[in-house]
Each structure stands twice: as structure tokens, then as C-alpha cells.
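Topology and contacts: notes
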Amino acid sequence: MSIPLLLLKQNLIMMVYLLIGYFLFRKKLVGLQGSADIGRLLLYVVMPCAILNSCLEEFTMEKLEGLAVSFIAALLALLLSILVSRLAFSKEWGIERFGAAFSNAGFIGIPLVRMTLGEDAVFYIASFVALLNILQWTYGVVTISGDRSAVSPRKICTNPIVLSFLAGVLLFLLPVFLPETITGMLGTISSMNGPLAMIVLGVYLAQIPLRTLFTEKIVYRCALFRLILIPLLTLFLLALFPEKYYTVKLSILIAASAPVGSNVAIFAQLYHADYTRAVKEVCVTTLLSILTLPLLLGIASYIL
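A look at the side chain of Glu96
Mapped onto the secondary structure, Glu96 falls in helix H4 (residues 94-101). Sequence-distant contacts of Glu96, defined by excluding residues within four places in its chain, comprise Phe89, Ile218, Cys222, Arg277 and Glu281.

In C-alpha cells, the structure reads:
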């Protein structure tokens, strides 16, 4: 099965998880507090385990080279998306600047890369997720709050995603082998990432009357940049890297093409921005990505 078709299949599976979250909330089996607790579980346990698990690779110079290339590619892709989002949206549209710039690379990108390219490819997306979190807690916080003093170096240094990435790289570089019990546990917890993330998004979706979900033009504009224009520009950027890094490039492209990250809703709520609009953008781009991601990967198969 080709990668675009496989990605479409996996996207449809992810949408089933989203519907589970939707109906759990509608039937009052999961409330706002429950979804917030699941979100914290994802941030502090599941995603760090997924990143650590992806780094449990036997050291080779080829993989070290791939890690270095993925880091450079991820940094360039993220800087590109920030630049484009700044040009596309003025200062008062901070939610859209944040949403267009930062994809849901952790909650959606990691599961999709694992499902389409295999566990080894997740190794190359880890740097993207770590850099994304650093930029969200610095540039992203200022963008939404409008307050530079809101940036906290302590929050960056204690961010579980960043810490797990650094620990994972250290484990990769050192001749250390974890017991099979621990690696098995990490693998099991990592597999929860996709289902739990989509269930939380389903809860977000259930909070909004469906008739209002597609009524705001700014939501479509954000979706245009997040799902089409920025991914296409990223594709041409990645095409400049040598062909031998095909898996690395495809992993970064999937991460960069994922829908609006759910953190925009969390930050909007935290800094008293328009939480409802942020949730709409997360949900609408997630739904539309079922079509855009496979199409983009189809184009990438001819260019990368």
C-alpha cells in the first residue's frame, strides 16, 4: 500500500478515536475535568515515553547523521512556518499566528509517522517535537499573551518533552541498554499517544455546536496556511536536502503538515484569549487534514 493511502487509512482510524471522545462527552461519561486530566497524562507521561522509546536505537554513525539532519530540517521548517504565519496574520490575530505556526506534531504527528513509516522513523521526529515545545513556550506565549514577561525559562527547562528528548539522545549516544521490561513498558505507553490525543480532541469538538464550527472565515484562513501553504513551502525546503535522507524528510514533512496543535486552545484559555475560536481551529484543521495530509504526501512522493 502506498504511503498516501496508508496515511488516509490511519487518519480515518484516528477520526474514530475522535468520535469516541465526542460521544463520551455528549453522554456525560467524560467531563471537562476528565479531558484535562487525560491531557496532562499525555503531556507528562505518554508523549515523553513515546520520545524516549523512539530514541532506544542502537548507535550507528548513519543514525547520528540522520538525527543531526532531522534537527536542522526541523529548525528550518519551524522558522519558516513562524515567518509565514507572521506575514499572514497581523498582531491582533495572535491565536492564528500561533495556530498556523505550530502543528500538532506530538499528539498527531508521532502516531502517524509510527503508523506509516515505522517505529524507527519516530526517532527523526523527536527533535521537531522538542523544538516545537521550546518555541511554543517562548515565541508562542508572547504571541498569544502579548506579554514578553510571560515567558518563563524555568518552564522550558522543566518541560517533560524537552527533558525526555535530551534523555533519549543521551541514551542513544551512550552504550546503555535498558532492561526488556522497561522497553516493553515504554512501547506500550507510547502506543496510547494517538488514541488518547484524538479522544481529547473529540471532547473539544463536543463543546462546540456543530452548526457554528464552519462559520468563521478566519478559521478557514488559518486552515489554508496550516494545512496547505506552509506544508507546501516546507516540502520545497526539504527537497533541498539530499535524496538519501528520504525517511527523515518525510517524517519532518508529516510533523510540519499536521493540523493546528491543541496547545493553542490551552494557551488561549490560560491567557484569556478567544478559547472557543482556538478550539474551532484545532477541530476544523484536524477534520480537514484527513484529506490534505494524504494529498500532500502524494505530491511529496514525486518531489522528495
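That shown, we press on.
Quick notes on unusual backbone geometry
Residues other than glycine seldom take positive phi values, yet Lys28 does so here, at roughly 60°. Since its relative accessible area comes to 76%, Lys28 is described here as exposed.

A few points about the layout of surface pockets
If a probe as big as a water molecule is rolled over the atoms, it shows which places are left empty. Quantified by volume, the largest pocket comes out at close to 740 Å³. The wall of the largest pocket is formed by 27 residues, among which Ala36, Gly39, Arg40, Leu43 and Ile266 lie closest to the centre. Counting only elements with at least two residues in the lining of the largest pocket, the list comes to helix H2 (32-54), helix H10 (193-206) and helix H14 (263-270). Considered class by class, the residues forming the lining of the largest pocket number 16 nonpolar, nine polar and two charged.

Considering a nonpolar patch on the surface
Residues Phe59, Met61, Leu170, Leu173, Leu174 and Val176 make up a contiguous nonpolar surface patch of roughly 550 Å² in combined accessible area. Considering the arrangement of structural elements, one finds Leu170 in helix H8 (residues 160-173).

Considerations on the nonpolar core
If you look at the biggest cluster of nonpolar residues, it comprises 100 residues, and the most contacted ones within it are Leu42, Phe102, Phe128, Tyr204, Leu253 and Val264. A total of 16 residues in this core trace back to one element, the largest contributor, which is helix H6 (residues 119-145). With sequence-adjacent residues up to four places away left out, Phe128 is seen in contact with Ala74, Ala77, Leu78, Ser103, Ala105, Ile252, Ala255 and Ala256.

Digging into the environment of Ile303
With respect to the helices and strands, the residue Ile303 is situated in helix H15 (residues 275-303). Accessibility expressed as a relative area gives 34% for Ile303, which makes it partly exposed. It is 9.7 Å that separates the C-alpha atoms of Ile303 and Glu243, two residues lying 60 residues apart in sequence. If we skip the residues at most four places from it in the chain, Ile303 touches Leu235, Phe236 and Ala239.

A few points about the packing of aromatic side chains
For the structure on display, the rule yields six aromatic pairs. Note on Phe123 and Tyr124: the rings are 5.4 Å apart at their centroids and 65° apart in plane angle, and the pair reads as edge-to-face. Owing to a relative accessible area of 2%, Phe123 belongs among the buried residues under this scheme. Accessibility expressed as a relative area gives 12% for Tyr124, which makes it buried.

Thresholds, definitions, all that
- Residues numbered from 1 in each chain as written.
- Predicted model: local features only at pLDDT ≥ 70, side-chain atom pairs only at ≥ 80, totals over all residues.
- Heavy atoms only, no water.
- Helix = DSSP H or I, 4+ residues; strand = E, 2+ residues; numbered from the N terminus.
- Contact = heavy atoms within 4.5 Å.
- Buried < 20%, exposed > 50% of the residue type's maximum accessible area, 1.4 Å probe, protein only.
- 1 Å grid on protein atoms, 1.4 Å probe; cavity = no way out; pocket = protein on both sides within 12 Å on 5 of 7 lines; lining within 4 Å.
- Points joined across faces, edges and corners; volume = space filled by probe spheres on them.
- Nonpolar A, V, L, I, M, F, W, Y, C, P; charged D, E, K, R; others polar.
- Patch = residues over 30% accessible without salt bridge, like charges linked within 9 Å, V, L, I, M, F, W, Y side chains within 5 Å.
- Areas by Shrake-Rupley, 256 points an atom, 1.4 Å probe, with all protein chains shown as cover.
- Salt bridge = Lys/Arg side-chain N within 4 Å of Asp/Glu carboxyl O.
- Core = buried A, V, L, I, M, F, W, Y, C linked by side-chain atoms within 4.5 Å.
- Phe/Tyr/Trp six-rings, centres within 6.5 Å; stacked < 30°, edge-to-face > 60°.

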